[in-house]
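Structural description and commentary
Single-letter residue listing:
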Amino acid sequence: YPAVETVQVDGQCHEVFAPATVTPALDRSARQLAVRVAGAIDLHGLLAVELFVVDGELVLNELAARPHNSGHLTIEACATSQFENHLRAVAGLPLGATDLIVPAAAMANVLGAADGSDPLAAIAAGLAVPGVAIHRYGKTARPHRKIGHLTATGADLDAARATAARARHALTAGRAA
């Protein structure tokens, strides 16, 4: 999959966007590192490889041998989602294409509000923002618990991120965030 970039707030993933704003050389190095790691562990399935860029160098932070929150935007943004490809891989089926099918995408996690209320109670307001898809996880809202995510696509990264921010605001307007 293409490299994505995450924004962390208070140690929790707040936003993910693609394409990542890294140099082509750094993107290529990240992909090569991910492929080497997957080969070294004889991977069957999906592997999320979380890297930090520190002083222009890649630093490995986390490996997750499963669909990962940082790849949820693949549902709307890529030819084949991480979920479908994971199932294909473990079933021994050919993998689907992982290319972006949109110029840009932004995913924002939906968290339970600080007061414990459920922002997804306002799902209609979030879905009223054109270009947004919202996914519920079926979890009870608790303060700061991931209960879903929204994805916006756009003509460029600024547009996708702005659309995602409008949808997130629509979900949380009038509530404690």
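This text goes with the structure placed above it.
Attention in this report is confined to the structure presented alongside it. The numbering scheme is per chain: residues are counted from 1 as the chain's sequence reads. Reporting in this predicted model follows two pLDDT cut-offs: at least 70 for local features of residues, and 80 or more for side-chain atom pairs to be given and counted; totals over whole chains, interfaces and linings ignore these cut-offs and use all residues. Computation of side-chain values: all heavy atoms of the structure, hydrogens and water removed.

Our focus in this paragraph is the nonpolar core. Note on soluble globular proteins: their nonpolar side chains tend to be buried together. Buried Ala, Val, Leu, Ile, Met, Phe, Trp, Tyr and Cys residues that are joined via side-chain atoms within 4.5 Å together make up what is termed a nonpolar core. Accessibility here uses a 1.4 Å probe with only protein chains present; expressed as a share of the type maximum, an area under 20% marks a residue as buried, one over 50% as exposed, and anything in between as partly exposed. Formed by 18 residues in total, the largest nonpolar core has its most connected members in V110, L120, V132, I134, L150 and L171. Strands here are runs of E lasting at least two residues and helices are runs of H or I lasting at least four, both read from the DSSP assignment and numbered beginning at the N terminus. Where this core is concerned, the elements lending two or more residues are β5 (104-111), β6 (132-136), β7 (146-154) and α5 (157-172). At five residues, the largest contribution of residues to this core is made by α5. Ignoring anything within four residues of it in the chain, the contact list for V132 reads G126, L127, L150, T151, A152, T163 and A167. Formed by eight residues, the second largest nonpolar core is a distinct cluster that contains C13, A77, V102 and A105. We call two residues in contact whenever any of their non-hydrogen atoms come within 4.5 Å of each other.

Moving on to the sheet that holds strand β1 (residues 5-9). Reading across the sheet, the five strands line up as β1-β2-β5-β7-β6 and stay open at both edges, with antiparallel pairing between neighbours. Taken across any chain shown, the strands that pair with only one partner, and hence form the sheet edges, are β1 and β6. Within the sheet, the average angular offset between the axes of one strand and its neighbour, ignoring direction, is 20°. Bridge count between strand β2 (residues 12-18) and β5: four bridges; the pairing is antiparallel. By the convention used here, strands pair only if DSSP detects at least 2 bridges between them. Angles run from 0 to 180 degrees between N-to-C directions of axes, and those axes are lines fitted to C-alpha atoms, restricted for helices to the stretch in contact.

What follows covers the pattern of salt bridges. Criterion for a salt bridge: a side-chain nitrogen of Lys or Arg within 4 Å of a carboxyl oxygen of Asp or Glu. Overall, the coordinates contain four salt bridges when judged by the stated rule. Two residues, R31 and D27, come together in a salt bridge whose shortest N-O distance is 3.0 Å. One end of the pair, R31, and the other, D27, are both in helix α1 (residues 24-40), four residues apart, so they sit about a helical turn from each other. You can call R31 partly exposed: its relative accessible area is 38%. A salt bridge links R136 to D118, with the nearest nitrogen and oxygen atoms 3.8 Å apart. Within this pair, whereas R136 is found in strand β6, its partner D118 is found in the loop between β5 and α4 (123-127), the two being separated by 18 residues in sequence. When its relative accessible area of 49% is taken as the criterion, R136 is described as partly exposed. Owing to a relative accessible area of 22%, D118 belongs among the partly exposed residues under this scheme.

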